[in-house]
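In case you want the letters, here they are:
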Amino acid sequence: MKRLFLTVVAMLSMTLTFAENENMNSVNTAEAYNLSVNINQLSKALGLADDQVEAVAEIHKTFCSEMMFATQYGKEERDARVDAAIKKDLGFMNYILNRDQYRKYVMLLNVTMVNRGLK
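How each quantity is defined
Along each chain, numbering runs from 1 in the same order as the chain's sequence is written. Local features are withheld for residues below a pLDDT of 70 in this predicted model, meaning they are given only at 70 or higher, and side-chain atom pairs are given and counted only at 80 or more; totals for whole chains, interfaces and linings count all residues. Neither water nor hydrogens contribute to the side-chain values; these are computed over all heavy atoms in the structure. Segments assigned H or I by DSSP are reported as helices when at least four residues long, segments assigned E as strands when at least two residues long, and all are numbered from the N terminus. For each residue, the accessible area found with a 1.4 Å probe, counting protein chains only, is set against the maximum for its type, and the residue is called buried under 20%, exposed over 50%, and partly exposed in between. In what follows, residue pairs with any heavy atoms lying within 4.5 Å of each other are defined as contacts. Where accessible areas are quoted, they stem from the Shrake-Rupley method and a 1.4 Å probe; at the residue level, only the protein chains shown are allowed to cover. To qualify as a nonpolar core, a set must consist of buried Ala, Val, Leu, Ile, Met, Phe, Trp, Tyr and Cys residues joined through side-chain atoms within 4.5 Å. For the charge count, each Lys or Arg is scored as positive and each Asp or Glu as negative, with His and the chain ends excluded. Within this document, salt bridges are pairs made up of a side-chain nitrogen of Lys or Arg and a carboxyl oxygen of Asp or Glu, the two lying within 4 Å of each other. The term polar contact refers here to a pair of N or O atoms within 3.5 Å; inside protein, the definition further demands a hydrogen-donor-capable atom paired with an acceptor-capable atom, and it admits residues adjacent in sequence only when both atoms are side-chain atoms. Comment: axis = line fitted to C-alpha atoms, over the contacting stretch for helices; angle = value between 0 and 180 degrees taken between N-to-C directions. The cut-offs work like this: below 35 degrees is roughly parallel, past 145 is roughly antiparallel, 65 to 115 is roughly perpendicular, and the gaps in between are oblique. A pair of Phe, Tyr and Trp rings is counted when the ring centres sit within 6.5 Å of each other, with Trp represented by its six-membered ring. The angle between the planes then sorts it: under 30 degrees is stacked, over 60 is edge-to-face, the rest tilted. Over a ring means this: the NZ of a Lys or the CZ of an Arg is within 6 Å of the ring centre and within 35 degrees of the ring normal. For a helix, the expected span equals 1.5 Å multiplied by the residue count minus one. This arc corresponds to the set of directions leading from the helix axis out to the C-beta atoms.

Moving on, we get to the overall build of the protein. A count of helices and strands for the protein gives five helices and zero strands. Listing every helix and strand of the protein by position from the N terminus yields α-α-α-α-α. Residue burial in the protein is summarised as follows: out of 119 residues, 24% are buried. Considering only intrachain contacts with a sequence separation of at least 6, the fraction spanning at least 24 residues in the protein is 65%. Roughly 8600 Å² of accessible area belongs to the protein as shown, and the carbon and sulfur atoms make up 58% of that amount.

The next point concerns the nonpolar core. Core analysis: the largest hydrophobic core is formed by 20 residues, its most contacted members being Met67, Val82, Ile86, Leu97, Tyr105, Leu109 and Met113. Those elements giving two or more residues to this core turn out to be α2 (39-46), α3 (50-70), α4 (75-96) and α5 (99-115). The residues contacting Leu109, other than those within four sequence positions of it, are Phe63, Ile86, Asp89 and Leu90.

Another aspect to go through is the side chain of Asp89. Among the secondary structure elements, Asp89 is positioned in helix α4. Buried and unpaired, Asp89 has no salt bridge, with Lys88 as the nearest side chain of opposite charge at 9.5 Å. Within polar-contact distance, the side chain of Asp89 engages the side chain of Tyr105 at 2.5 Å. In this structure, Asp89 is in contact with Ile59, Phe63, Tyr105 and Leu109, ignoring residues within four places of it in sequence.

Turning to the packing of α3 against α4, a few remarks are in order. Between α3 and α4, the shortest axis-to-axis distance is 9 Å and the interhelical angle comes to 175°. In terms of axis orientation, α3 runs roughly antiparallel to α4. Facing Gln52, Ala55, Val56, Ile59, His60, Phe63, Glu66, Met67, Phe69 and Ala70 of α3, the residues of α4 in contact are Arg78, Arg81, Val82, Ala85, Ile86, Lys88, Asp89, Phe92, Met93 and Ile96.

In the structure shown here, the tally under the stated rule is one aromatic pair. Ring geometry for Phe69 against Tyr73: centres 5.6 Å apart, planes inclined by 75°, an arrangement best described as edge-to-face. A relative accessible area of 40% places Phe69 in the partly exposed class. Since its relative accessible area comes to 28%, Tyr73 is described here as partly exposed. Here Arg81 stacks its cationic end above the ring of Tyr73, 4.2 Å away from the centre of that ring.

Further remarks concern α5. With 17 residues, α5 extends 24 Å between its outermost C-alpha atoms, agreeing within 8% with the 24 Å of an ideal straight helix rising 1.5 Å per residue. Of all the residues in α5, the buried ones are Gln101, Tyr105, Leu109 and Met113. Projected down its long axis, α5 carries its buried residues within an arc of 100°, all on one side. Exposed and oriented more than 90 degrees from the buried face of α5 are Arg99, Arg103, Val114 and Asn115.

Below, the structure is given as structure tokens:
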């Protein structure tokens, strides 16, 4: 009887640990896809003009929304949505930024994606 009780307790503790890890993985995934940045710091890093700052802020806001929306899907669908969001973001940024600013932005985005484990 004692062994049965210990076995049940061990099984329950393993199940709870597994469930806790599942919840932590989903939280970590959502945090990794939160790519919001300080627009003032981004504008300093890119050397944005005043008229560019507002456009970049709106584009980045849309990009962050699409990235967070992608977290609601499974791996394959999420990867496709992330790729689509990145392509859309880069297309808009290419239109707003000059060549040097765009190259810096692409570099910063790549570093951010690698650091977050998304690429």
